[in-house]
Structures are given as structure tokens and as C-alpha cells.
Amino acid sequence: AAPALLDAIAAAASPRLDDFKSQELANLAWAYGKSEHAAPALLDKIAAAATPRLGEFQPQGLANTAWAFAKAGHPAPSLFEAITLAAVTRLGSFKPQELANTAWACATAQYEAPPFYEQLAYACRVRISDFNAQELANTAWAFAKLGHPAPRLLSAVA
């Protein structure tokens, strides 16, 4: 029943994504990432609808959208580029979970953006005492997987 419902939602939502608010786009992407229900055409349309509007997204929406596409294994390099550009000047307002999820998503998607990772590592490092165990582990894993040396961040995690 759930796959049929998710297919019906994708069919109904796809032509109406321009009517979705930024939070609704992020929530829809998150739902398909979380459900692991394949919906490549919908995800392509979400990426197209979200990309020009990422400035409207809250930090949680940016992190959740990146997480959703990475979790779904859906390549979207243009979306990741736009998310990192939208996020870089606002990383100071990201909560630890949003920082960790953004790092995890970029690493999982194998998105290459070393200048962004420098800024992300700094934002994580200044908030590291607020990270819980899972956020610490996910952040350390992400930077290791990215092959991005962040010695000050990794020593702060240790």
C-alpha cells in the first residue's frame, strides 16, 4: 500500500512543485529519502524547483534536502552546488545536527567542494561541544570519507 501511495503522491506533487513553499519542498524530498522509495523523476523536479529558491530555505531545510538526495542515492551535483552556496554564509546559524547532516550528505553524495568544507569544518569546530555522540561520529566519518584534511576539527572531536 505504501509504495502505491508514494507513487500517487509523486504523480500529484510533480506538476505542482512551483506552488510548494521551501519547507514543503524540503519535507517532500526528506520523505522520499527516508522512505527509500525510488522516485527519480520527482527528485529531479524537486531539485529543479528548489535550486533557484534555496535562499528561502532555513538551515534545517538545506541540510534535510542535501540529506534526502544523498540518502536516496540520487545524483544532483547542481543542487549540491547550490545548497553549499546557500549554506556557506549561514553555517553559523546551523544547529549541530544540521552541520553533521550536511557533512554526511556531501560525503555520501561524493560532492567535491573543498572551499565549502573548510568553512563547514570551522563551523563544526566552534560548535563541537554542542554535538552529541552521533553528530560527532557522523562528522568525523564525513570528513574522513571526503578525504578532506580538517586536523583542527578532528582533534576537537578527539
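This text follows the structure it describes.
Residues numbered from 1 in each chain as written. Predicted model: local features only at pLDDT ≥ 70, side-chain atom pairs only at ≥ 80, totals over all residues. Heavy atoms only, no water.

Student: Got a sec to walk through the overall build of the protein chain? Specific residues and values, please.
Tutor: Per the secondary structure count, the protein chain includes 9 helices and 0 strands. Mapped in sequence order, the helices and strands of the protein chain form the string α-α-α-α-α-α-α-α-α. Its C-alpha atoms give the protein chain a radius of gyration of 16 Å, near enough to 15 Å, the size a compact globule of 158 residues would have. Summarising its shape, the C-alpha atoms of the protein chain cover approximately 50 × 30 × 25 Å along the three principal directions. For the protein chain, the proportion of its 158 residues judged to be buried stands at 47%. Considering only intrachain contacts with a sequence separation of at least 6, the fraction spanning at least 24 residues in the protein chain is 72%. On the protein chain, roughly 8000 Å² of surface is accessible, and the fraction owed to carbon and sulfur atoms is 55%. Of the side chains in the protein chain, 12 bear a positive and 13 a negative charge, and the two mean positions are spaced by 4 Å. (Helix = DSSP H or I, 4+ residues; strand = E, 2+ residues; numbered from the N terminus. Rg over C-alpha atoms; globule rule 2.2 N^0.38 Å. Buried < 20%, exposed > 50% of the residue type's maximum accessible area, 1.4 Å probe, protein only. Contact = heavy atoms within 4.5 Å. Areas by Shrake-Rupley, 256 points an atom, 1.4 Å probe, with all protein chains shown as cover. Lys, Arg positive; Asp, Glu negative; His and termini not counted. Charge placed at Lys NZ, Arg CZ, Asp CG, Glu CD.)

Student: For helix α3 (residues 40-50), give the residues involved together with the corresponding values.
Tutor: Along α3, the positions that sit buried rather than exposed are L42, L43, I46, A47, A49 and A50. Along the axis of α3, the buried residues cluster in a sector spanning 170°; they form a single face. Away from its buried face by more than 90 degrees, α3 exposes A41 and A48. Check the buried side of α3 and you find it contacts α1 (2-13), α2 (22-35), α4 (59-72) and α5 (77-88). (Arc of directions from axis to C-beta.)

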